[in-house]
Amino acid sequence: MTAQKVPADDKTTPAKPRRPGRPRGGAITAQQREHLLDITLAIYAENGIAETSLNAIARKAGVSPAMLNYYFQSRESLLDVVVEERFLPLRQRLEAHFNNDESDPVTTFSGFIREIADIVLNNDWFAPLWMQEVTSGSHGLGQHIKERYGHAGRDKVRALIVRWQQQGLLNATLNPDLLMTSILSMILVPFTRFANEPEFDTELIVQHTLSLFCQGIRPLS
């Protein structure tokens, strides 16, 4: 008795389940990764960090949520990458202006203000993201940085400000904890408000901030 042949198109055998792993499409390139971080920052700046989901970033980037989850694991991990690769280098540039103990307050803060302007011009997410974080009251970015990386740089700047005040080089009535936020507000608010109005160019905003600020930080006579 001959065995009965099973038809070639028989589909009774269950398909093997797909093993978890890298999403279809292969690994992302360095350029694609940078593009994803650009999009993430743009959405952070538009909606705020707390209101931004991985799904929203995936939709904007035209990729699957599975791809973002595979390469960045979670919302918090993606924020870690953005902070470490995009934000911390800018913060280090700003803090570097306070590394020279021999410098005077007016020279230091003038360089600091111009550095902020340069950062804003070359990182269009910076000013609106800062505004989002301040006005939302969530303090998500600041709290995240404090928890992950500490505030050693900020504490060093504060100590220098206090020393300048004690030496009579800086207006003693200024509050060291409010000073940096005040400077950022003075320059970032105009950049955000007048970004598309040609009569308010970068140099005009910088000069206005320098004139307003540098007179105010001088010791009272």
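- As recorded in an unreviewed UniProt entry, the protein chain goes by TetR/AcrR family transcriptional regulator and comes from Candidatus Pantoea communis.

A word on the overall build of the protein chain
- If you tally the helices and strands in the protein chain, you get ten helices and zero strands.
- Counting all 221 residues of the protein chain, 37% fall into the buried class.
- Across the protein chain, every contact between residues at least 6 apart in sequence was considered, and the portion connecting residues at least 24 apart equals 70%.
- Summed over all atoms, the accessible surface of the protein chain reaches about 13700 Å², with 53% contributed by carbon and sulfur.

Looking at the side chain of Glu115
- On the secondary structure map, Glu115 appears in helix H5 (residues 105-122).
- Since its relative accessible area comes to 18%, Glu115 is described here as buried.
- In this structure Glu115 touches Arg93, Leu94 and His97, once residues within four positions along its chain are discounted.

Observations concerning helix H1 (residues 30-47)
- Spanning 18 residues, H1 covers 26 Å between terminal C-alpha atoms, matching the ideal 26 Å at 1.5 Å per step.
- Within H1 the residues assigned to the buried category are Leu36, Leu37, Ile39, Thr40, Leu41, Ile43, Tyr44 and Ala45.
- Trailing H1 by a residue or two, Gly48 shows a phi angle of about 95 degrees, which is positive.

Looking at empty space enclosed by the protein
- Counted under the stated rule, the structure contains one cavity of 30 Å³ or more.
- Considered as a void within the structure, the largest cavity measures approximately 40 Å³ in volume.
- Looking at the largest cavity, the residues that line it are Leu41, Tyr44, Ile49, Leu79, Val82, Val83, Arg86, Phe87, Trp125, Leu129 and Leu141.
- Elements with a contribution of two residues or more to the lining of the largest cavity: H1 and helix H4 (75-95).
- Per element, the largest residue contribution to the lining of the largest cavity is five residues, and it comes from H4.
- In terms of residue class, the lining of the largest cavity is made up of ten nonpolar, no polar and one charged.

Some thoughts on the packing of helix H2 (residues 54-61) against helix H3 (residues 65-72)
- Where H2 contacts H3, the axes come no closer than 8 Å and their chain directions differ by 115 degrees. Our classification of the angle between H2 and H3 gives roughly perpendicular. Here the hand of the crossing between H2 and H3 comes out right-handed. Mapping the contact onto sequence places Leu54, Asn55, Ile57 and Ala58 in H2 and Pro65, Leu68 and Asn69 in H3.
- Along the lines of polarity and charge, the residues of the contact of H2 with H3 split into five nonpolar, two polar and no charged.

Some points on unusual backbone geometry
- For Gln73, which is not a glycine, the phi torsion comes out positive at approximately 65 degrees.
- Mapped onto the fold, Gln73 is located in the loop between H3 and H4.

Definitions and limits used
- Residues numbered from 1 in each chain as written.
- Predicted model: local features only at pLDDT ≥ 70, side-chain atom pairs only at ≥ 80, totals over all residues.
- Heavy atoms only, no water.
- Helix = DSSP H or I, 4+ residues; strand = E, 2+ residues; numbered from the N terminus.
- Buried < 20%, exposed > 50% of the residue type's maximum accessible area, 1.4 Å probe, protein only.
- Contact = heavy atoms within 4.5 Å.
- Areas by Shrake-Rupley, 256 points an atom, 1.4 Å probe, with all protein chains shown as cover.
- Expected span 1.5 Å × (residues − 1).
- 1 Å grid on protein atoms, 1.4 Å probe; cavity = no way out; pocket = protein on both sides within 12 Å on 5 of 7 lines; lining within 4 Å.
- Points joined across faces, edges and corners; volume = space filled by probe spheres on them.
- Nonpolar A, V, L, I, M, F, W, Y, C, P; charged D, E, K, R; others polar.
- Axes fitted to C-alpha atoms, helices over the stretch in contact; angles between N-to-C directions.
- Parallel < 35°, antiparallel > 145°, perpendicular 65-115°, else oblique.
- Left-handed = near helix turned anticlockwise from the far one by under 90°.

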